[in-house]
Amino acid sequence: MKYERPLTHEEKVFASDHHNLVYEFLHEHHLSVDEFYDIIIFGYLNAVKTYLSRTDLQIYAFPTLGWKLMTQSLSDYYKEQLCQKRKSEMSSLNSTHCTHNLSLEETIHVTDNLMQQLEIELLLHDLSKRVSQQQMEIVRMKSHGYNLQDIATSQNTSTKRIRKLLEEVRSVLTELCYG
């Protein structure tokens, strides 16, 4: 977390005078004080600092800014809780799994770059038999990092047409890989 400066004396007094806003917010949103106070308070303190440091905001009532930044803190908390990486299961490479009593380390497939390149070339060979020459050229350009606009320009056609051709290629690839 980035370094936050402590409150000045003026900010401490102001925060203390308006502290009931935190409890009003928690009550209004039906949030437990024990569970959510530590989450909401950071938005509140940020509102105090911002409100007192920016005179252009002082034309508004403090609760307006306080409410907005506390809402943002709550939203950030929920986003963090829903973040997929926080839900991922951790496993040691040395722990054994029920299948054949092998460790995860022993079951991980090591990528063979030469074999992978061969598989790609074979797939492209099969693809070339099923799509037009223009579609293959588009695939080559796309694989070399060209964007749709550049490809459309080189093919003297529209990006809409390029998308359509790529959708057809994708359909054929799906059939080749899974059909």
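From a predicted model like this one, the values you see are computed outputs, not experimental measurements.

**A look at the overall build of the protein chain**
Within the protein chain one finds ten helices and zero strands. Along the protein chain, from the amino end to the carboxyl end, the secondary structure elements read α-α-α-α-α-α-α-α-α-α. The 179 residues of the protein chain split such that 26% are buried. When contacts within the protein chain are restricted to residue pairs at least 6 apart in sequence, long-range pairs at least 24 apart make up 48% of them.

**Topic: the environment of Leu166**
Residue placement: Leu166 occurs in helix α10 (residues 159-178). On the accessibility criterion, Leu166 (15% relative accessible area) is buried. As for Leu166 and Val139, which are separated by 27 residues in sequence, their C-alpha atoms are 7.6 Å apart. If we skip the residues at most four places from it in the chain, Leu166 touches Ile138 and Leu148.

**Some points on unusual backbone geometry**
Not every positive phi belongs to a glycine, and His30 is a case in point at roughly 55°. Relative to the helices and strands, His30 is located in the loop between α2 (20-28) and α3 (33-53). The residue Asn156 is not glycine, and still its phi comes out positive at about 55°. With respect to the helices and strands, Asn156 occurs in the loop between α9 (148-154) and α10. Classification of Asn156 as exposed rests on a relative accessible area of 74%.

**Concerning the side chain of Glu11**
For Glu11, the position within the fold is in helix α1 (residues 9-17). Assessed through its relative accessible area of 4%, Glu11 is described here as buried.

**Regarding the packing of aromatic side chains**
A complete count under the given rule lists nine aromatic pairs for this structure. The interplanar angle of 90° and the centroid separation of 4.9 Å between the aromatic rings of Phe14 and Phe62 together place this pair among those described as edge-to-face. Placement of Phe14 in helix α1 and of Phe62 in helix α4 (residues 62-82) is noted, with a sequence separation of 48 residues between them. A residue is classified by how much of its surface remains accessible, and Phe14, at 16% relative accessible area, is buried. Judged by centre distance (5.0 Å) and plane angle (70°), the ring pair of Phe25 and Trp67 falls under edge-to-face. Here Phe25, found in helix α2, pairs with Trp67, found in helix α4; they are 42 residues apart in sequence, far enough to count as distant. Given the relative accessible area of 0%, Phe25 is considered buried. Given the relative accessible area of 27%, Trp67 is considered partly exposed. Among the aromatic residues, ring-to-ring pairing joins Phe14, Tyr44, Tyr51 and Phe62 into one connected group.

**Some details on the packing of α3 against α4**
Two numbers describe how α3 lies on α4: the axes approach to 8 Å, and their chain directions differ by 140°. Accordingly, the angle class assigned to the pair α3 and α4 is oblique. Read as a crossing pair, α3 and α4 show a hand that is right-handed. Taken together, the residues of α4 that come into contact with α3 (itself represented by Phe36, Ile39, Ile40, Phe42, Gly43, Tyr44, Asn46, Ala47, Val48, Thr50 and Tyr51) are Phe62, Leu65, Gly66, Leu69, Met70, Ser73, Leu74, Tyr77 and Tyr78. For the contact of α3 with α4, the class distribution of residues is 15 nonpolar, five polar and no charged.

What counts, and at which threshold
- Residues numbered from 1 in each chain as written.
- Predicted model: local features only at pLDDT ≥ 70, side-chain atom pairs only at ≥ 80, totals over all residues.
- Heavy atoms only, no water.
- Helix = DSSP H or I, 4+ residues; strand = E, 2+ residues; numbered from the N terminus.
- Buried < 20%, exposed > 50% of the residue type's maximum accessible area, 1.4 Å probe, protein only.
- Contact = heavy atoms within 4.5 Å.
- Phe/Tyr/Trp six-rings, centres within 6.5 Å; stacked < 30°, edge-to-face > 60°.
- Axes fitted to C-alpha atoms, helices over the stretch in contact; angles between N-to-C directions.
- Parallel < 35°, antiparallel > 145°, perpendicular 65-115°, else oblique.
- Left-handed = near helix turned anticlockwise from the far one by under 90°.
- Nonpolar A, V, L, I, M, F, W, Y, C, P; charged D, E, K, R; others polar.

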